Amino acid sequence: MISSLAAQDTVKDNKASENLEVSGAELIIRFQKLISEDHQRLIQMKSRNKQLEREVAELTGQFEKLDAQLGINAKTDDSFNKNEKLEQVLSSLDYHLRSNQAIMQQMTLVHSKIEKQKELVDYITTGQVPISEDSVIIMISIADTAVQSGANSETQNRKELAALQDLQVLKAELAHARNNLFLVDQLIRKHKDDIELTKLLIQATTGLRELLEKQSQKPAVKQHLQEVSRRFSQDTLLLSALNVRIQTLEAYRPPVVEAVSQAEDRVDSAESELEFLQSSIAPHRVVYWLKTNLPAMAIIILTFFVIWILSRWGITLILNKFIKSRKNAESADRLETLKLASGSIITILVVLIGLLVVLSQIGVDLTVVLGGAAVLSLVIALGAQSLVKDYLSGFIILLENQYRVGNVVRINQTTGVVENLSLRLTVLRDLGGVTHFIPHGQISDVSNLTHHWSRVMLEIGVSYNENVDKVMSVLEELGAEMKEDKEYGSLIIGDMEMLGVDKFCESAIVIKFLIKTWPLKQWIIKREFLRRIKNRFDELGIEIPFPHLTVYHRQTEKLFENKVNKQEEV
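Residues numbered from 1 in each chain as written. Predicted model: local features only at pLDDT ≥ 70, side-chain atom pairs only at ≥ 80, totals over all residues. Heavy atoms only, no water.

### Observations regarding the confidence of the model for the chain
- The share of residues in the chain with pLDDT of 70 or more is 78%, and the mean pLDDT across the chain is 76.
- Taking the mean pLDDT of every element in the chain, the minimum, 42, falls on helix 1 (residues 2-18) and the maximum, 92, on strand 8 (residues 509-517).
- Every residue in residues 1-22 scores below 50 in pLDDT, and together they form 34 contacts with partners more than four places removed in sequence or on other chains.
- Considering only residues more than four positions removed or in separate chains, one finds that residues 128-155, a stretch of pLDDT under 50, has 25 contacts. (pLDDT = per-residue confidence, 0-100. Helix = DSSP H or I, 4+ residues; strand = E, 2+ residues; numbered from the N terminus. Contact = heavy atoms within 4.5 Å.)

Written out as structure tokens, the structure is:
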């Protein structure tokens, strides 16, 4: 039986070395033959174990008998021979016990190998392990939860559940492949343990055979020696057969390892696909989110847009009414400035509040957003101090009413009309038409040329030959005429203020006087007053000198005459 087992396994080893990829049916037949052979071997080991137990019992009886004889006749002549025989019986008993122990262990091991080989055949026969009941229960509970919550669309449930079912099937296949590999490794280890036990059995049989060969060649001893030699041959053939089996299992192991690797790759791919389907960027989730949130977001945005339009329109309407009701042009200009500034403030407020409402609609935690906004504002305050300074300075300018739209101001040596005023910057346009954008944080000094009222300061130069009292009287008459004029009189506030002779220049006497006007009207009054002064001075013959130098020679001639007289006297 053992020789046929070794021959068959040698043939299997040759086939396995030629083609490692065998069919499942061939593997099943091969392992079923191994199971049958192991059953036969188990029967033989039981028979051998019983025989060894009988021999152990006989050797034990001989040992007790010899030991008793030596105890009685310890000093007889044949005591030496009895001691030698006692040692032989003891050695034989030791070899038999060792063989019996190895046989018992092999019986347990072979029985375990039979069970593992049966499991391996079952796994190969099954092919794909069906989904377990636990997996089905889990999937049903997930489906029920999704349907009851109503949070997902039917398409979303179907796709995710299909991916989950595929993942469960692939995990079952992976478990099947890993169990298959685990069984193969267990069989290889058990066969290696079987080989070690067989080697121990061979050693015990070899020692027993050598011991029997040294004894006298009695018929009983010869018969026992033949039986031990037969056992030695069987054990040697069994060792070869077990080595061939290990080679067969090791040849079967690489395809199983490859199957495990492929199953792991499929599981990883399925897990990645399921993770993507469960993520927020999955196409069906994006479509579902758009269907559920886009209308609400559109309504919110439209609502805030209408609020923004109505707020700007309402504030503009109210301020326009106030502007029309104010007779004071200064108050009207200030309200106009507030109207422009309020537009930007309303825009910022509506955008911020609308953004918070939209974030709340899409499920963002506003506490986190507000906390992040506080941190961001701190970062902005530290990193963008100039921007914060611009807004703060703009707020103070509006609060203190330093200037407004329409005023003529001088900011950092730049003069122009204020065209626009926001919280961050002021827009000036100078006389040449150039527009200047000046951030409020960069303003160091401001001069408002039209704040509440304006003033014309004129310095008129006349000849040294003119009577200054007469000239001042003429100028005062012209001021009175301007005050009474229908076109220009309404632009002047109060009477002209004559300051008198201001200074003596190289070619003229300068007379200074002031005229107070409404804001932005000083240049109109100045130009008209200068025109009238020129015409009136021409009528009265009052000279307006141009710069010139007069050289007098009288003193020089007198000095020359004195010098000539002194020379004549000498």
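Back to the text.
### Focus on the pattern of salt bridges
- A complete count under the given rule lists 15 salt bridges for this structure.
- Where Arg266 meets Glu173, a salt bridge forms, and the shortest distance between an N and an O atom there is 3.8 Å. One end of the pair, Arg266, is in helix 6 (residues 219-278); the other, Glu173, is in helix 5 (residues 154-214), with 93 residues separating them in the sequence.
- A salt bridge links Asp538 to Lys534, with the nearest nitrogen and oxygen atoms 2.5 Å apart. Of this pair, Asp538 and Lys534 both sit in helix 12 (residues 522-540), separated by 4 residues, roughly a single helical turn.
- Judged by relative accessible area, Lys534 falls into the partly exposed class, the value being 42%.
- One network of salt bridges, with partners in common, ties together Asp485, Glu528, Arg531 and Arg532. (Salt bridge = Lys/Arg side-chain N within 4 Å of Asp/Glu carboxyl O. Buried < 20%, exposed > 50% of the residue type's maximum accessible area, 1.4 Å probe, protein only.)

### Some thoughts on the packing of aromatic side chains
- Taken as a whole and judged by the stated rule, the model has 3 aromatic pairs.
- Residues Phe305 and Trp308 carry aromatic rings whose centres are separated by 5.9 Å and whose planes lie at 40 degrees to one another, so their mutual orientation is tilted. Note that Phe305 and Trp308 are positioned in helix 7 (residues 283-325) at a spacing of 3 residues, about one turn of the helix.
- On the basis of relative accessible area, Trp308 is assigned to the partly exposed category, the value being 24%.
- Measuring from centroid to centroid gives 6.1 Å for Tyr464 and Phe504, while their planes differ by 15 degrees, and the two rings are stacked. On the criterion of sequence distance, the pair formed by Tyr464 in the loop between strand 6 (454-462) and helix 11 (468-484) and Phe504 in strand 7 (residues 497-504) is long-range, its members being 40 residues apart.
- Overall, Tyr464 belongs to the partly exposed group, its relative accessible area being 41%.
- Assessed through its relative accessible area of 60%, Phe504 is described here as exposed. (Phe/Tyr/Trp six-rings, centres within 6.5 Å; stacked < 30°, edge-to-face > 60°.)

### Describing the environment of Ser490
- Here Ser490 shows up in the loop between helix 11 and strand 7.
- In this structure the C-alpha to C-alpha distance between Ser490 and Thr517, which are 27 residues apart in sequence, comes to 8.8 Å.

### Quick word on unusual backbone geometry
- One non-glycine residue with positive phi stands out, namely Gln413, at about 70 degrees.
- Of note, Gln413 is situated in the loop between strand 1 (408-411) and strand 2 (414-421).
- Positive phi, normally seen in glycine, also occurs at Leu520, with a value near 75 degrees.
- Relative to the assigned elements, Leu520 resides in the loop between strand 8 and helix 12.
- You can call Leu520 partly exposed: its relative accessible area is 34%.

### So, helix 10 (residues 385-400)
- Between its first and last C-alpha atoms helix 10 spans 22 Å; for 16 residues at 1.5 Å apiece the expected length is 22 Å, and the two agree.
- If you check which residues of helix 10 are buried, you get Asp390, Ser393, Gly394, Ile397 and Leu398. The arc that holds the buried residues of helix 10, viewed along the axis, is 135 degrees, so those residues lie on one side. Looking at helix 10, the residues exposed on the side facing more than 90 degrees away from the buried face are Gln385, Leu392, Leu399 and Glu400.
- Positive phi shows up at Asn401, right after helix 10, with a value of about 55 degrees. (Expected span 1.5 Å × (residues − 1). Arc of directions from axis to C-beta.)

### Examining the sheet that holds strand 2
- Pairing within the open sheet is antiparallel, and its 5 strands lie in the order 4-3-2-1-5. Edge positions in the open sheet fall to strand 4 (435-439) and strand 5 (446-448), since each of these has one partner strand only. Sheet twist, expressed as the average angle between the axes of neighbouring strands with direction ignored, equals 40 degrees.
- Alignment of strand 1 against strand 2, held across 4 bridges, turns out to be antiparallel. Bridging from a neighbouring strand, Ile411 pairs with Thr414 of strand 2. (Pairing = 2+ DSSP bridges. Axes fitted to C-alpha atoms, helices over the stretch in contact; angles between N-to-C directions.)

### Observations regarding helix 11
- Compared with the 24 Å implied by 1.5 Å per residue over 17 residues, the 25 Å span of helix 11 between its first and last C-alpha is a close match.
- Regarding helix 11, the residues found buried are Val471, Met472, Val474, Leu475, Leu478, Gly479 and Met482. Angular distribution of buried residues about the axis of helix 11 spans 160 degrees; they occupy a single face of the element. Turned more than 90 degrees off the buried face of helix 11, the exposed positions are Asp469 and Glu484.
- Each element contacted by the buried residues of helix 11 is listed here: strand 6, strand 7, strand 8 and helix 12.
- The N-cap of helix 11, judged by a side-chain oxygen 3.2 Å from the amide nitrogen of Asp469 a few residues on, is Asn467. (Polar contact = N/O pair within 3.5 Å; in protein donor to acceptor, adjacent residues only side chain to side chain.)

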